[in-house]
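Per-entry structural report
Here is what each chain is made of, one letter per residue.
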Amino acid sequence: MHESPQNDVEQTTDADLALRPLAAAGDPVRLADAYAYPPGGPWLRANMIASVDGAAARDDRAGGLGNETDRRLLSLLRGLADVVIVGAGTVRAEGYGPVRPGPGGWEKLRADRPPVPPLAIVSRRLDLDLDAPVFTDADPAARTILLTTRTAPPGRVRAAAERAEVIVAGEDRLDFAAAVAELVARGHERLLCEGGPRVLAQVVATGVLDEMCLTVSPMLLSGGAFRILNGPAVPVPPRLRLAAAYQDDEDFLFLRYVRRG
Ligand SMILES: NC(=O)c1ccc[n+]([C@@H]2O[C@H](COP(=O)([O-])OP(=O)(O)OC[C@H]3O[C@@H](n4cnc5c(N)ncnc54)[C@H](OP(=O)(O)O)[C@@H]3O)[C@@H](O)[C@H]2O)c1
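Residues numbered from 1 in each chain as written. Predicted model: local features only at pLDDT ≥ 70, side-chain atom pairs only at ≥ 80, totals over all residues. Heavy atoms only, no water.

1. Remarks on the layout of surface pockets
By volume, the largest pocket is sized at about 1300 Å³. Among the secondary structure elements, those contributing two or more residues to the lining of the largest pocket are strand S1 (43-51), helix H2 (68-80), helix H3 (88-94), strand S4 (145-148) and helix H8 (197-206). The element contributing the most residues to the lining of the largest pocket is H2, with 7 residues. Of the residues in the lining of the largest pocket, the class split is 18 nonpolar, 16 polar and 15 charged. In this structure, the second largest pocket encloses a volume near 420 Å³. What lines the second largest pocket is a set of 17 residues, among which Val 204, Arg 227, Ile 228, Leu 229 and Val 234 lie closest to the centre. Counting residues per element, the ones that place at least two in the lining of the second largest pocket are H8 and strand S7 (211-217). (1 Å grid on protein atoms, 1.4 Å probe; cavity = no way out; pocket = protein on both sides within 12 Å on 5 of 7 lines; lining within 4 Å. Points joined across faces, edges and corners; volume = space filled by probe spheres on them. Helix = DSSP H or I, 4+ residues; strand = E, 2+ residues; numbered from the N terminus. Nonpolar A, V, L, I, M, F, W, Y, C, P; charged D, E, K, R; others polar.)

Set out below in structure tokens:
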């Protein structure tokens, strides 16, 4: 329970507090416009979901937190992106396949781009099934990318190179700034990171995140679930600005935060 405020005439009272209602409440927006990447240069957006008490997974899966609106938004954000960065832990936990177009197709969204964005999977060990659809069924115009390190097992790197495009950045640990620069150099300026939490913590710590899209799932879970960032404290926490807030009719919130300045 919150502490009761002192009965002090100088003090601001609860009644003086003013909060703005959600801008889009009762006022539908076209999400493809609302989530369009800003023009003019590379932009790295993350898209994550958490329960009201901050859990980033339910029964070890992010999907257990979502609903249909969240899945549609996830799909749309993929459709808007040039590349989707994701950690090997999430690929293994969620059984990722290659990106597929959303309902109705993405022709209008993607115009002169490949029909889908490639996945760029972060992994040092490269302990991934190279015969899995995430590699074998990727669109030829959007071959899966592996973001790895110089100390990755050489045999795995050679095998991976037959099924994916391999980008090496960093010695023992992926250098996220260098990896992002490599993706941008390949024309992937609209970047989307789908986590997981260990990857996202490093993306944020490296200072390359521009936007955080957060779905707040109306659940209270407790338990030992990690948060949407899982890593050491960020040395200089970026200050964010709320760019937009939307809701659906199932009490989910869809927040868009962008880095200040
Ligand atoms: N709430 C959400 O929105 C959300 C989103 C995504 C995932 N999740 C959940 O999060 C869990 C998985 O997340 P996670 O944090 O454990 O894994 P993760 O961040 O997806 O991936 C971690 C893996 O990425 C690789 N990696 C990370 N940093 C690296 C570096 N600097 N250099 C080289 N490789 C690096 C390593 O792969 P190797 O071991 O192959 O070397 C590591 O095991 C699942 O339960 C999933 O459902 C939640």
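2. Things to note about the environment of Cys 193
You can see Cys 193 is positioned in strand S6 (residues 190-193). When its relative accessible area of 0% is taken as the criterion, Cys 193 is described as buried. Each C-alpha atom of the pair Cys 193 and Arg 256 lies 14 Å from the other, and the pair is 63 residues apart in sequence. In this structure, Cys 193 is in contact with Leu 44, Arg 45, Ala 46, Asn 47, Ile 85, Val 199, Leu 200 and Val 203, ignoring residues within four places of it in sequence. (Buried < 20%, exposed > 50% of the residue type's maximum accessible area, 1.4 Å probe, protein only. Contact = heavy atoms within 4.5 Å.)

3. Re empty space enclosed by the protein
This structure, assessed with the given rule, holds 2 cavities of 30 Å³ or more. Lining the largest cavity are Leu 44, Ile 85, Leu 147, Leu 174, Phe 176, Ala 179, Val 180, Leu 183 and Val 203. Element by element, the count of residues in the lining of the largest cavity is highest for helix H7 (residues 176-185), at 4 residues. Among the residues forming the lining of the largest cavity, the class breakdown is 9 nonpolar, no polar and no charged. If you add up the space inside the second largest cavity, you get close to 30 Å³. What lines the second largest cavity is Pro 98, Val 99, Val 116, Pro 117, Pro 118, Leu 119, Ala 138, Asp 139, Ala 142 and Thr 144. For the lining of the second largest cavity, the residue count by class is 8 nonpolar, 1 polar and 1 charged.

4. Topic: H2
The end-to-end C-alpha distance of H2, which contains 13 residues, comes to 18 Å, matching closely the 18 Å that a straight helix rising 1.5 Å per residue would cover. Buried within H2 we find Asp 70, Leu 73, Ser 75, Leu 76, Leu 77, Arg 78, Gly 79 and Leu 80. Put simply, Asn 67 is the residue that caps the front of H2, since its side-chain oxygen is 3.2 Å from the backbone nitrogen of Thr 69. (Expected span 1.5 Å × (residues − 1). Polar contact = N/O pair within 3.5 Å; in protein donor to acceptor, adjacent residues only side chain to side chain.)

5. Things to note about unusual backbone geometry
Each neighbour pair has its own omega, and for Gly 195 with Gly 196 the value is -5 degrees, a cis peptide bond. Relative to the assigned elements, Gly 196 resides in the loop between S6 and H8. The phi angle at Asp 59 is positive, at roughly 50 degrees, despite the residue not being glycine. Assignment of secondary structure puts Asp 59 in the loop between S1 and H2. On the accessibility criterion, Asp 59 (71% relative accessible area) is exposed. Of note in the backbone geometry, Asp 251 takes a positive phi value of approximately 70 degrees without being a glycine. Structurally, the position occupied by Asp 251 is in the loop between strand S8 (240-247) and strand S9 (253-259). Relative accessible area serves as the criterion here: at 62%, Asp 251 is assigned to the exposed category.

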